[in-house]
Amino acid sequence: MYKRLGRFLLGAIGFFFIWSVPDYVQSQNSTQSERGHTISDSGSIENYVSISREKATEIATHKVHIPADFVKQNIKLQHGWGGTEKLWRISWVTQAPKLQTIEVGVNAIDGSIMEISIYLKPDKGEGSNGHDISLEEAVEIAEKYIELHYPAIEGMTLQRNHFMEADRFNIQFIQMVNGIPFPENEIRFQIGKNGEIEYHRFRIRNQIHFEPLTDLIPYSMVMQKISEEVELELSYIHQPPNNQYTPNDTFLAYLPKSKNKQYLRPLLLIDANSGEWIDCSRSTLPDDRFIETAVSTDPKPRQKPTNILTQGEAYQILKNLFPIPDNVVISHVDYKAPLWVFQIGYEEGPSKVWHAVVDTTSGEVIRFSKENPINEEVININLSKEEAIENTIEFVKRALPDKAAHLYPRIVKEHFYDGEIKAKAYDVHLIRKHDGIVVTNQGVDIKISAINGEIIEYNMIWRDIDFPPAIDVLSTTEAKDIYSKDLSIELMYMAPVPDHPIERKKLIGKVKEASLVYKVNKPEGKFLDARVGKWRDGKTGEIIHKSILDIEGHWAEQEIKNLVNNGLMEVEHNLFHPDATLTRVELIKLLLKVVKEGDGNNKLLSKILFHSEKEVSRESFAVMMVHALGYESFSKEGKMVPLNFLDKDKIIHKEHVGLVQKLGIMQGAYNNFRPKDRLTKAEAAVGLYRFLKIKTE
């Protein structure tokens, strides 16, 4: 396997990369075509960048090895990183011996390499030597790749939330700065079970100023804020088994309620300095301004067709609902029972294609989209946000008279032209409710033009469901008690992205400020059943019973089970990996769950953050436990805690180690403490279990 890995790393798409900011900056405009592939022309936009397309190509091929048999496919000047950077994205491709692609993103202002993506079409056969690799072997392959190709990049730490598919592993490394994760700088791998790297992505920018670790809100205050302010609401979740639709598999669940009118899903970010709820732009969230009234209070029955609609009848329904000009005709039509699918466009003139889907049994338009008229030299914005909502409501009353009483306007998102101050269009999301309870993932999405008020996109998701009655359910207090046990917080750096494109454009070529935020990690892949008070699998709907397959008979089995069942430690795919070492970032997350008491927590956190180790040693963990208990003053009384270990001369913090041994938090083996050995997950579990017993006694 490793010979095969070596061939991959050093062969067709291997490369040598130096991560640095080049000392050259120049401006030059040109258009070119290479090897028969036309390079897209960005026109006058190149006047606003310092690196020409030729220079970008030169930088990319100098820093990244592009094998001779790769053909340059494309080069585009694009916005990246939420519109705060401008990059030349250059791609190469080869078909021999199988499809492989390389794409390099070059900063169009300073010439630095910001992105590298490599794809290798996977083999479908078995791994070398006739066996599949393990997760640990996949991680080792990724680590060797980083060591070989990115030796100058420091602080890349393995994230253990690997996603394991049937035939591959997805592995992520993120950058640590001052001991704090900065997830926006990352290196990802997709590794097949045969040990081959099928996909690799490098995404790092260096022009970042990181906020100092001062004046942080204590962990205890953050957790208190979450317990008081995170709201849960009853919701219906329709769970078709094996992705096959049936009307009966519907559950009542408690889900977190969104706190921001701009986002459908809850944004659980807290400013680590102010303690305020914020969004990705670091703006304080406004008060909840959702429209809690239905589109209509007077539902009207829909007259369904007596027979399946013909093509002409379906098209007439479409024309009655949307203004389709006379010079627009059907260019293609397809019948996919029970739907008519239309492609329509201008009979003469611009080749614009519109798309529409009509249900032949209900007579309802399911989807519609058309191009927004934005090619005018002068754009007149005629519609305000409030008017967009009003127009949307009136449209829904006409289009869905029988459903309007169950639809509630929820989201208004603005779409801007590049450089424009006013929005060109608005997105309005209308959620479905049944008896006042949200029906998840169902409703209507509408994009309305701010130029002429026309509906330019329309999409409805609506299923006939047998709703269980909302009786004998948990109270919100009971639900929050269960839900909060699966919540955790993570201190991280975030580079805010302004909402408005003009503000984003101002950041291009500038040093960005990375802020400290607490991210609230919600339960993923499962939901809380509001009737039985148990977690259900998000895909199957089955009640989740935590089972750990790799700790039976392990010396730390009982302590591991206790921490897992109380939501303090996690398993992945029913595996705990007890003998795996614990990284510093994992220990931070774990201790933030366990240690919840005042200023002592801040002192403990600072000890961890500024520790130089990537992985935690046993001695370091002993010191942390003493600080967490508030026993630091006792540890200085060395006479109280004599050491009898054979390797005591290797121990620097003898008083701390002696104290945790006396308290039973940590022990040695064969009369040795092994202070420099890396802390395993099992050792951490036992230590924290005994720590919690001391704290509660």
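Placed above this text is the structure.
Right, let's walk through the structure included here. Predicted model, so just to flag it, every value in this text is computed and none were measured.

All right, on to the overall build of the protein then. When helices and strands are tallied, the protein shows 15 helices and 27 strands. For the protein, buried positions account for 50% of its 697 residues. Of all intrachain contacts in the protein linking residues separated by at least 6 positions in sequence, the fraction that spans at least 24 positions is 64%.

Let's shift gears to the side chain of T360. Mapped onto the fold, T360 is located in the loop between β18 (353-359) and β19 (365-369). A relative accessible area of 0% places T360 in the buried class. A polar side-chain atom of T360 sits 2.7 Å from the main-chain carbonyl oxygen of P338. Those residues in contact with T360 that lie beyond four places of it in its chain are P305, N307, I308, L309, Y335, P338, L339 and W340.

Another aspect to go through is the pattern of salt bridges. Counting across every chain of the model gives 29 salt bridges. With a closest N to O distance of 3.3 Å, E196 and K98 form a salt bridge. One end of the pair, E196, is in the loop between β9 (180-192) and β10 (197-203); the other, K98, is in the loop between β4 (85-94) and β5 (100-107), with 98 residues separating them in the sequence. As far as burial versus exposure is concerned, E196 and K98 are alike and both buried. Residue E140 is joined to K144 by a salt bridge in which the shortest nitrogen-to-oxygen separation is 3.9 Å. Here K144 and E140 lie together in helix α3 (residues 135-149), a separation of four residues that amounts to about one turn.

Residue position: K403 is located in the loop between α6 (385-399) and β20 (407-416). Beyond its immediate chain neighbours, meaning those up to four positions away, K403 contacts E364, M460 and W462.

To continue, consider helix α5 (residues 311-321). Where α5 is concerned, the buried positions are A314, Y315, L318 and L321. With its buried residues spanning 125° around the axis, α5 presents them on a single face.

Following A337, the chain continues to P338 via a peptide bond in cis, the omega torsion being 5°. Among the secondary structure elements, P338 is positioned in the loop between β16 (328-336) and β17 (339-346). Here D215, not a glycine, exhibits a phi torsion of approximately 55°, which is positive.

Across the interface, helix α10 (residues 584-594) lies against helix α15 (residues 681-696) with an axial gap of 12 Å and an inter-helix angle of 20°. Here α10 is positioned roughly parallel relative to α15, judged by the angle of their axes. In the crossing of α10 with α15, the sense of the turn from one axis to the other is right-handed. Together, L590, L591 and V594 of α10 and L688, F691 and L692 of α15 make up the contact between the two elements. In the contact of α10 with α15, the residues fall into six nonpolar, no polar and no charged.

This part is about the pairing of β18. Counting buried positions over the seven residues of β18 gives five, a clear majority of the element. One ladder, built from four bridges, connects β18 with β19; its direction is antiparallel. Bridge pairing in β19 links V358 to V365. Adjacent in sequence and paired antiparallel, β18 and β19 are bridged by five residues, among which G363 carries a positive phi angle near 75°.

Relative to the helices and strands, E229 resides in helix α4 (residues 219-229). On a C-alpha basis, the gap between E229 and W277 in space is 9.8 Å, while along the polypeptide they are 48 residues apart. A distance of 2.6 Å separates the side chain of E229 from the side chain of W277, its partner in a polar contact.

What follows deals with the packing of aromatic side chains. A ring pair, where both rings are aromatic, is described by two values, the distance of the centres and the angle of the planes. On inspection of all chains with the given rule, the structure shows 16 aromatic pairs. Ring centres of Y315 and F342 lie 5.5 Å apart, and the angle between their planes is 45°; this geometry places the pair in the tilted category. Taken together, the positions of Y315 in helix α5 and F342 in strand β17 put the pair 27 residues apart, joining distant regions of the chain. Its relative accessible area of 0% is what places F342 among the buried residues. Plain terms: the ring middles of F645 and F673 are 5.4 Å apart, the flat faces sit at 45° to each other, and that makes the pair tilted. On the criterion of sequence distance, the pair formed by F645 in the loop between α13 (632-635) and α14 (654-662) and F673 in the loop between α14 and α15 is long-range, its members being 28 residues apart. Judged by its relative accessible area of 6%, F645 is buried. By the ring-pair criterion, three or more aromatic residues cluster together here, those being F322, F368, F395 and Y458. Note that R203 overlies the ring of W81, its terminal NZ or CZ placed 3.7 Å from the centroid.

Thresholds applied
Residues numbered from 1 in each chain as written. Predicted model: local features only at pLDDT ≥ 70, side-chain atom pairs only at ≥ 80, totals over all residues. Heavy atoms only, no water. Helix = DSSP H or I, 4+ residues; strand = E, 2+ residues; numbered from the N terminus. Buried < 20%, exposed > 50% of the residue type's maximum accessible area, 1.4 Å probe, protein only. Contact = heavy atoms within 4.5 Å. Polar contact = N/O pair within 3.5 Å; in protein donor to acceptor, adjacent residues only side chain to side chain. Salt bridge = Lys/Arg side-chain N within 4 Å of Asp/Glu carboxyl O. Arc of directions from axis to C-beta. Axes fitted to C-alpha atoms, helices over the stretch in contact; angles between N-to-C directions. Parallel < 35°, antiparallel > 145°, perpendicular 65-115°, else oblique. Left-handed = near helix turned anticlockwise from the far one by under 90°. Nonpolar A, V, L, I, M, F, W, Y, C, P; charged D, E, K, R; others polar. Pairing = 2+ DSSP bridges. Phe/Tyr/Trp six-rings, centres within 6.5 Å; stacked < 30°, edge-to-face > 60°. Lys NZ or Arg CZ within 6 Å of the ring centre and 35° of its normal.

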